[in-house]
Every structure is written in C-alpha cells, then in structure tokens.
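# Chain and residue survey
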Amino acid sequence: MVVDSGDEEEAVVKTMEKIDVQRVRYPYFFISSNFVRNSWIFPFVGHTGIGMSDGVIRDFAGPYLVTEDNMAFGNPTKYIQMEINKVEGGQQAWDRAVKDASDVYEGRMVT
C-alpha cells in the first residue's frame, strides 16, 4: 500500500482494496508467481498476471492464452497494488484496460 502524507493519505487508504489470500483475490494488483527452479537462481524472473477490480486474476499463461483464476505456475508470490484513485476513469477504466490487454495478448504468439 502506498502511503502519502496529509489529506491524500486518507483518500489513498479508502480506495485501496484488500487482498483475500484464501479466495486468491488481488484487486488492482500486478501479480507474479515463481518459476520453480529459475526463480531460485534469478529471483526477478516470474510469471505475470493482473488483478481485475473484483480481484479475479487474469493470467497471461502462454501464446494465445489468457486464463482467469488459474495462474499457470501457482498462486502469487509477489504483488504490487496500483492506486486506483490515480487511474483516470477509475474502476471501469481499469477493468476495460485489463480486458483490452487480454484481448490483444490472446491474438499474439508470445514465447
């Protein structure tokens, strides 16, 4: 969570959504899970997903494939939450952007 000083701090805290680890919900997060052996040697290497406003993770699982609620390499091990109050258009814009990015990714060969 990002903490600002003054009046902005209260606004930031109010807009930040909570993680629900049991249900695997990460609203407004960029998420990463480790590749078992590679991440031991190169800890900055991982597999990426993005949390929708409701916390459902969109996982960029492979070429032409975006899944929901099923990360290809296990549950998130690293994550960073975005400040939705700084996104022009708020929740609707965030969800639309994640969906649009998913649609683009599903049409590409990625290795």
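Up top is the structure these notes are about.
The sections below set out a description of the structure shown in this document. None of the values given here were measured: they were computed from a predicted structure. (Residues numbered from 1 in each chain as written. Predicted model: local features only at pLDDT ≥ 70, side-chain atom pairs only at ≥ 80, totals over all residues. Heavy atoms only, no water.)

On to the packing of aromatic side chains, then. This model, assessed by the stated rule, comprises six aromatic pairs. Their ring planes at 80 degrees and their centres at 5.5 Å tell us that Phe-29 and Tyr-79 sit as a pair that is edge-to-face. Here Tyr-79 lies in strand 5 (residues 78-81) and Phe-29 lies in strand 1 (residues 29-34), a separation of 50 residues in the sequence. Here the aromatic rings of Phe-60 and Tyr-105 are separated by 5.0 Å at their centres, their planes lie at 75 degrees, and the arrangement is edge-to-face. Residue Phe-60 is found in strand 3 (residues 57-62), and its partner Tyr-105 is found in helix 3 (residues 90-106); the two are separated by 45 residues along the sequence. Residue Tyr-105 is classed as buried on the basis of its relative accessible area, which comes to 17%. Chaining the aromatic ring pairs together yields one cluster made of Tyr-26, Phe-29 and Tyr-79. (Phe/Tyr/Trp six-rings, centres within 6.5 Å; stacked < 30°, edge-to-face > 60°. Helix = DSSP H or I, 4+ residues; strand = E, 2+ residues; numbered from the N terminus. Buried < 20%, exposed > 50% of the residue type's maximum accessible area, 1.4 Å probe, protein only.)

Relative to strand 5, strand 1 runs antiparallel, the two sharing four bridges. From the neighbouring strand, Phe-29 faces strand 5, where its bridge partner is Gln-81. Looking at chain direction, strand 1 and strand 2 (residues 46-51) are connected through five bridges and run antiparallel. Residue pairing across strands places Ser-32 opposite Thr-48, the latter belonging to strand 2. (Pairing = 2+ DSSP bridges.)

With that settled, consider the sheet that holds strand 2. Spatially, five strands are ordered 4-3-2-1-5 in an open sheet, and the strand pairing comes out antiparallel. Because the sheet does not close on itself, it has two edges, and the strands there are strand 4 (65-68) and strand 5. Here the average twist between neighbouring strands, direction ignored, is 25 degrees. Packed onto the sheet, helix 3 meets strand 1, strand 2, strand 3 and strand 4 and runs at close to 15 degrees relative to strand 3. (Axes fitted to C-alpha atoms, helices over the stretch in contact; angles between N-to-C directions. Contact = heavy atoms within 4.5 Å.)

Moving on to a nonpolar patch on the surface. On the surface, a cluster of nonpolar side chains totalling about 390 Å² of accessible area is made up of Ile-41, Phe-42 and Phe-44. The residue Ile-41 is located in helix 2 (residues 36-41) in this model. Since its relative accessible area comes to 62%, Ile-41 is described here as exposed. (Patch = residues over 30% accessible without salt bridge, like charges linked within 9 Å, V, L, I, M, F, W, Y side chains within 5 Å. Areas by Shrake-Rupley, 256 points an atom, 1.4 Å probe, with all protein chains shown as cover. Salt bridge = Lys/Arg side-chain N within 4 Å of Asp/Glu carboxyl O.)

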